[in-house]
Amino acid sequence: MTESRSIRETEKAVAAKLGNTPVRLERQASVSNIYRAAAAVRQHFENSVLRDAGLTWTSFVVLWVVWIWGEMETRYVAEEAGISKGTLTGVARTLAGRGLLERNSHPDDGRLALLRLTDEGEEVMAELFPAFNAEEAFVTEALTDTENRILADLLRKIVVHTEEHGEERRLHLLDGAAPPRRRSGRRRRA
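None of these values were measured; they are calculated from a predicted model. (Residues numbered from 1 in each chain as written. Predicted model: local features only at pLDDT ≥ 70, side-chain atom pairs only at ≥ 80, totals over all residues. Heavy atoms only, no water.)

**Description of the pattern of salt bridges**
Working definition: two side chains of opposite charge can pair if their charged atoms are close together. Quick reminder of the rule: Each reported salt bridge corresponds to a side-chain nitrogen of Lys or Arg within 4 Å of a carboxyl oxygen of Asp or Glu. Note on conventions: DSSP H or I runs of at least 4 residues are helices, E runs of at least 2 residues are strands, and numbering of each starts at the N terminus. Only protein chains enter the accessibility calculation, which uses a 1.4 Å probe; a residue whose area is less than 20% of its type maximum is buried, one above 50% is exposed, and one in between is partly exposed.
All told, the structure shown has 5 salt bridges when counted by the stated rule. One salt bridge in this structure joins Arg-42 and Glu-46, with 3.7 Å as the shortest N-O distance. Of the two residues, Arg-42 and Glu-46 both sit in helix H2 (residues 25-46), 4 residues apart, roughly one turn of that helix. Note that Arg-156 is salt-bridged to Asp-153, the shortest N-O span being 2.7 Å. In this pair, Arg-156 and Asp-153 both sit in helix H8 (residues 145-173), 3 residues apart, roughly one turn of the helix. Judged by its relative accessible area of 41%, Asp-153 is partly exposed.

And the structure:
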């Protein structure tokens with residue numbers, strides 16, 4: 001039976017397991033810790049400030065994107081939120097059902113949909129964001145202001161590099177082929 005391990009225990013176990021395998025452990029540790037940090041932060045927010053508001057991390061991000069940018073096409077909301085259009089459909093439906101988001105047809109192209117916050121959605125975000133930001137301060141309080149700026153800059157470099165060169169790398173790794181469709185993990189029906 002597995003039990004919860006500290007980050008240091010995990011890094012030590014990975015190094016022991018990989019032994020002489022030619023890998024760049026410092027790079028592996030960076031990516032692993034980005035994931036672990038993101039998961040820890042998300043879980044903390046969902047179990048505190050977002051739970052009080054009845055929101056998931058994803059629903060908050062969708063509200064945030066539309067709050068910051070204003071009314072926008074669903075495809076751009078999904079892209080900015082880092083989720084699939086299918087996931088956005090369910091999230092937007094839930095938020096619309098709660099009266100926080102409105103879905104409208106595009107005035108020039110009926111095939112496209114626009115999302116915008118309702119007045120209630122605007123109020124929720126205006127009230128929620130200070131509490132959300134207080135938790136952002138909490139999860140980063142072990143770092144100085146300078147360390148926070150450095151961390152933000154370093155993470156920004158990773159994002160920009162991946163955005164600018166990721167497609168080229170994917171094409172190289174897949175010998176120019178399109179990536180295969182994602183599977184849900186469910187078994188196919190006979």
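The discussion continues.
**Thoughts on the sheet that holds strand S3 (residues 113-117)**
What counts here: DSSP calls a pair of strands paired once it identifies at least 2 bridges connecting them.
Pairing in this open sheet of 3 strands is antiparallel, and the strands run S1-S3-S2 from one edge to the other. One side of each edge strand has no neighbouring strand; the edge strands of this open sheet are strand S1 (72-73) and strand S2 (101-105). Bridging between S1 and S3 involves 2 bridges; their strand directions are antiparallel. Bridge pairing in S3 links Met-72 to Leu-115.

This is a description of form; function is not addressed.
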